[in-house]
Amino acid sequence: MKRLRRPILITIAFIFSLWLIFEGTARLFAEILWFEEVDYLSTFITRRTSQYILWFVVSSVSGLFLGVNLWLVNRWQWQWLSKDALKKGETIGRSDRVPPGDTAAHNWYYSGIPYLPQDNQQLIASGTAQNVLGKEFISRRYSKKKTYSPRLNLPFLLLSAIALSVSITLILLRYTEIGLAVWKTSYQLSELALSSQSTLNGVELNTFLWRYIYQISITVISVVLLLFKPRITIKAIAGLISLVFGFIAAGNWAVILRFLNPSNFDSVDPQFQKNISFYIFRLPFWQLIETWCIGLSCTALIACTLYYLLSGNSLSEGRFPGFSKIQLRHLSFLGAGVMVSIAIRHWLNRFDLLYGFRGVVYGAGYTNITVQLPIEVCLTVISIISALWLLYKGFVGYHNRQIQKLKLQRILFLALPFTVYLLIFSLSNFFSATVQRLAVEPNELVKEKPFIERSIAMTRKAFNLDSIEAKTFNPKGELTAQDINNNNSTIKNIRLWDTRPILQTNRQLQQIRPYYQFHDADIDRYLLSKDDTVKNGDRQQVIIAARELDYAQVINIAKTWVNEHLIYTHGYGFTLSPVNRVADGGLPYYYVKDIGEGSKKSGTLTVSDETIRNSIPIGKPRIYYGELTNPYIMTSTKVRELDFPSGEENVYTVYDGQGGIKIGNYFRRVLFAEYLKDWQMLFAQNFTADTKLLFRRNIKQRIKTIAPFLNYDRDPYLVAGKTKSQNNLYWIVDAYTTSDRYPYSDPGKNDFNYLRNSVKVVIDAYNGKVDFYVADEDPIVQTWEKIFPKLFKPLSAMPLDLRRHIRYPEDLFSIQSERLLTYHMTDPQVFYNREDQWQIPKEIYGTKPQAVAPYYLITKLPTAREEEFILLHPYTPASRPNLIAWLAARSDGAEYGKLLLYKFPKQKLIYGPNQIEALINQDPVISQQISLWNREGSRAIQGNLLIIPIEQSLLYVEPLYIEAEQNSLPALTRVIVIYENQIVMAETLEEGINAIFQPQASDSNAIVRPVEDVTQEN
């Protein structure tokens, strides 16, 4: 059996190696073909090549550095000479086993002696062996050995060995965590930080405990192995940590490539006067180098020290003879490397002072600049002096044979640099806290004023708040019926439907089959024209929702391999609803709806009229790439794909798009079977020579794979646009360039403190083609353009009909809006006192209060000549519920991206959303009617409260829905309109507006009530 053990192990290792090669080949081959399909192979090659090179270079350099040091340790370590070898006068390299008959040799105190390699020949040739046997073994005092450090007895030796073992294990675990964190990237923007922070739940606590137990277990196992098998364990740890360093470098490929291709910003930081590009592109690289250097040098120093300590059979003998001269010189060089790395860290720490809070300032404040900055410089200088001292001792050596015999003063003098460093380092936080408490806080505004100014200016620039055009909006309340007619486009685009009731209705009336799902609904605008031209078309705000196929909703008995990958391949069509129209029964009105009932020209979708048919391109409404298209599929097979249901029957089709990778070749099928871990592909009889594999069909996964260095919006939206392609359905996703390294910029509760919507991504829903268009030439995207010159296109290259549908992203606007709550204050004293702090108002939705979310609307801004599509968000003061300002983002044409802030006069009361909701719910007639609807199996749902600016006035509109408790199908029942001193509840918006502005001509049953003052209650 023993004879077979080695061949079996070799065979297993050989098979495992073949499997690894096959797995790696399959992955690389599949990735190359996929990137070739999406036409971004050069991007993949650039990224993957840089990763491979970085991994190889850093791993090799780290392994070579550690390997050379371990080789030197192996040469200079203490060796062990047994008593038997000494008796026979054998050389050191031969066996040192003690003969079984030598009973005296079996006693632990007569086992042998440690020696240095250079003493080998001298020890044996000079006949010292017999003297050693007679004296050394008996006295156990190695007075003739030249050591230059104190000897360690068993307690101190064991304690030192355990401490070093734990240290090197923790270094390995720490850098492994860093490596894993680097490869776990998040592309989604952080949510708007308005909710309270979550507490530690049970799952997080359980994860934390398991992680803690795991680390303790690894540490204990490692310490045991290091104590009993030090040589092989230290070499294994050195090899592992070298690989980890390589993975960290490969995972930070973006940091290195950005360092090599920087782009300048148009500003410098106020403290060090360095261009912002230094902090965005260069500082992360130097910090990465510093992290690598300090980890590598500490690993080498600890590993070599531990190797020396455990050499010469010291642990078994219960004592360590001390470090020799050459050993101390070696450790001195390694210690110098550690101190140089520490010096680099402290020098870079100066720039880290520009981030983080101390007191009222984000970034470096008074204490940071006057205390912490000099301390970092001082620690840098002391670290360099310590490194130079260690280098000197490494070159000249230690001339005192026994350091333990030196006087205490001499030892303290030798350790003076390290003592000063540790003293200053340990007291630095105390110094800073003392200055902050005693010098700054009693006179904080005066001390921190220049630094507050810095933080305000840099935060506003980083979040593009400094480009906001501020104006005064003084509502005059002088709207007339003529003004209403003049702003007819605004009135007919007032949103009575929002995405939530539309989705509820769609899911009950428009899903058609259980496997169809409406994942989301989005607000957009289209130009509607009767003559197939859009130049003179009317702007219409709509809600569009894609009908996708969600295979998870297929009944279990039908979940077969053929159904998942060959038949249920795509969604079909979409619904399109105007935001202001209501169908019979209070349900949404549809421009486009249903499936399998329309003409072939409209893709079998039902279109409401000829105007919509001419204005809304439908083409091939099949959705092969979407938000729910997660399974990979094979198309152009012998099995026809389900296209859409038509009555009691199904219509089938065959995919003829440009997407997919041909897998008719059996070799490709084998590789993709391994890559996808789906071996049924090899045995399927339905494939043809033209069969294609479509994978990564989820649009978020698709674009993240192509450009993982961008952050993406949470809400892709569907667009029906006319292009050269026969397909007319496209997804548009907003992509962001972000950074957390913008000096003095306050991130709030976000993970970044710089944000730009630099890229618009367009994905063909039928062919899967992806295009990245640069919308904002900020320095970060300019750098990415240098790195990947074939990835990006100018925005002007986007098809015109798609360009009409780009919009200011809600994620970006929400974050800017939240930052503006505080950073609209530019006066440092006002900012310090928070005299003009704003807040996001609340509204009643359904029956619960919620923060008012930004909303899209079509209106004519006070300074504009025509209506346009804007994103609006109102503000109220922190201490009062009345309206104080509103922020608008423009989305159309040349005005795209411009921000306008309209401030209301502080001395005038303008009703805020909270007060309007109070007016509605406290009116006895209206509240009574709402209470009646909340009985007998139904409930009234108050929709989004909209503030509509018209001319120099404000109009408030809130829809009211009725929903049955048993059947969640919301129906629009009433519209509440509030203007100045009147509140109206009518069946339609038109009736409500007429009841206010044309009361004599109105013959509706609208409820008209006077506005009661709510300022006292709120």
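The name that an unreviewed UniProt entry assigns to the protein is UPF0182 protein I4641_03110, with the source organism given as Waterburya agarophytonicola KI4. Its UniProt record, at the heading Subcellular location (unreviewed entry), says of the protein: "Cell membrane". Listed in UniProt under the heading Sequence similarities (unreviewed entry), the comment for the protein reads: "Belongs to the UPF0182 family."

Chemist: Go over the sheet that holds strand S17 (residues 633-635), please, and point to the residues and values.
Modeler: Read from one edge to the other, the open sheet built from three strands follows the order S17-S21-S20, with strand pairing classed as antiparallel. Pairing within the sheet leaves two strands with one partner each, and these edge strands are S17 and strand S20 (661-662). Bridge count for S17 against strand S21 (residues 692-694) is three bridges, and the pairing is antiparallel. Bridge pairing in S21 places isoleucine 633 opposite leucine 694.

Chemist: Residue-level account of the packing of helix H9 (residues 253-260) against helix H24 (residues 779-787), with values.
Modeler: Taken N-terminus to C-terminus, the directions of H9 and H24 make an angle of 95°; their axes are 9 Å apart at the nearest point. Regarding the angle of H9 to H24, the classification is roughly perpendicular. Between H9, through Trp253, Ala254, Leu257 and Arg258, and H24, the contact on the second element is made entirely by Thr783, Trp784 and Ile787. Grouping the amino acids of the contact of H9 with H24 by side-chain chemistry returns five nonpolar, one polar and one charged.

Chemist: Lay out the nonpolar core with the relevant residues and their values.
Modeler: Judged by nonpolar contacts, the single largest core of 276 residues is most densely connected at Phe574, Phe672, Val761, Phe772, Phe792, Leu955 and Tyr956. Per-element tally for this core: the top contributor is helix H10 (residues 276-309), with 18 residues. Beyond its immediate chain neighbours, meaning those up to four positions away, leucine 955 contacts Ile491, Ile494, Leu946, Ile947, Ile948, Ile950, Val977, Ile978, Tyr979, Ile993 and Phe997.

Chemist: Break down the environment of isoleucine 844 for me, with residues and values.
Modeler: Relative to the assigned elements, isoleucine 844 resides in strand S29 (residues 842-845). As for isoleucine 844 and glycine 943, which are separated by 99 residues in sequence, their C-alpha atoms are 7.6 Å apart. In this structure, isoleucine 844 is in contact with Pro849, Glu917, Asn921, Gln942, Gly943 and Glu958, ignoring residues within four places of it in sequence.

Chemist: Report on the packing of aromatic side chains, specifying residues and quantitative values.
Modeler: Here the structure, examined in full by the defined rule, presents 53 aromatic pairs. Both rings, one in phenylalanine 285 and one in tryptophan 286, keep their centres 5.1 Å apart while their planes meet at 70°; by these two values the pair is edge-to-face. A residue is classified by how much of its surface remains accessible, and phenylalanine 285, at 12% relative accessible area, is buried. Its relative accessible area of 38% is what places tryptophan 286 among the partly exposed residues.

Chemist: Report on H9, specifying residues and quantitative values.
Modeler: Among the eight residues in H9, seven count as buried, and that is most of the element. Within H9 the residues assigned to the buried category are Trp253, Ala254, Val255, Ile256, Leu257, Arg258 and Phe259. Close packing links the buried residues of H9 with helix H2 (41-76), helix H8 (230-251), H10 and H24.

Chemist: So what's going on with the UniProt feature "transmembrane region" (unreviewed entry) in the protein? Residues and values would help.
Modeler: Per the UniProt entry, the sites bearing "transmembrane region" (unreviewed entry) are residues 52-73, 152-173, 209-228, 240-260, 285-310, 331-349, 369-391 and 411-431 in this numbering. Across residues 331-349, helical content stands at 100% and strand content at 0%; the span's end C-alpha atoms are separated by 27 Å. Across residues 369-391 one finds 100% helix and 0% strand; the C-alpha atoms that close the span lie 32 Å apart.

Chemist: For a nonpolar patch on the surface, give the residues involved together with the corresponding values.
Modeler: Residues Leu209, Trp210, Tyr212, Ile213, Ile216, Val220, Val224 and Phe228 make up a contiguous nonpolar surface patch of roughly 860 Å² in combined accessible area. Along the polypeptide, tryptophan 210 turns up in helix H7 (residues 202-228). Overall, the relative accessible area of 57% leaves tryptophan 210 in the exposed class.

Chemist: Describe the side chain of threonine 737, naming the residues involved and giving the relevant values.
Modeler: When you line up the elements, threonine 737 lands in strand S24 (residues 729-739). With near-sequence residues (within four places) excluded, threonine 737 lies in contact with Leu710, Tyr754, Leu755, Arg756, Ser758, Asp778, Ile780 and Val781.

Chemist: Talk me through the packing of helix H6 (residues 154-183) against H8; I want residue IDs and the actual numbers.
Modeler: H8 packs onto H6 with a crossing angle of 25° between their chain directions and a minimal axis gap of 9 Å. Relative to H8, the element H6 is oriented roughly parallel. When the axes of H6 and H8 are compared, the crossing they make is left-handed. Where H6 approaches H8, its residues Ile168, Ile171, Leu172, Tyr175, Thr176, Ile178, Gly179, Val182 and Trp183 are matched on the opposing element by Ile237, Leu240, Ile241, Val244, Phe245, Phe247, Ile248, Ala250 and Gly251. Tallied by class, residues from the contact of H6 with H8 come to 15 nonpolar, three polar and no charged.

Analysis parameters
- Residues numbered from 1 in each chain as written.
- Predicted model: local features only at pLDDT ≥ 70, side-chain atom pairs only at ≥ 80, totals over all residues.
- Heavy atoms only, no water.
- UniProt positions renumbered as here; feature names shortened; annotations may be inferred.
- Pairing = 2+ DSSP bridges.
- Helix = DSSP H or I, 4+ residues; strand = E, 2+ residues; numbered from the N terminus.
- Axes fitted to C-alpha atoms, helices over the stretch in contact; angles between N-to-C directions.
- Parallel < 35°, antiparallel > 145°, perpendicular 65-115°, else oblique.
- Contact = heavy atoms within 4.5 Å.
- Nonpolar A, V, L, I, M, F, W, Y, C, P; charged D, E, K, R; others polar.
- Core = buried A, V, L, I, M, F, W, Y, C linked by side-chain atoms within 4.5 Å.
- Buried < 20%, exposed > 50% of the residue type's maximum accessible area, 1.4 Å probe, protein only.
- Phe/Tyr/Trp six-rings, centres within 6.5 Å; stacked < 30°, edge-to-face > 60°.
- Patch = residues over 30% accessible without salt bridge, like charges linked within 9 Å, V, L, I, M, F, W, Y side chains within 5 Å.
- Areas by Shrake-Rupley, 256 points an atom, 1.4 Å probe, with all protein chains shown as cover.
- Salt bridge = Lys/Arg side-chain N within 4 Å of Asp/Glu carboxyl O.
- Left-handed = near helix turned anticlockwise from the far one by under 90°.

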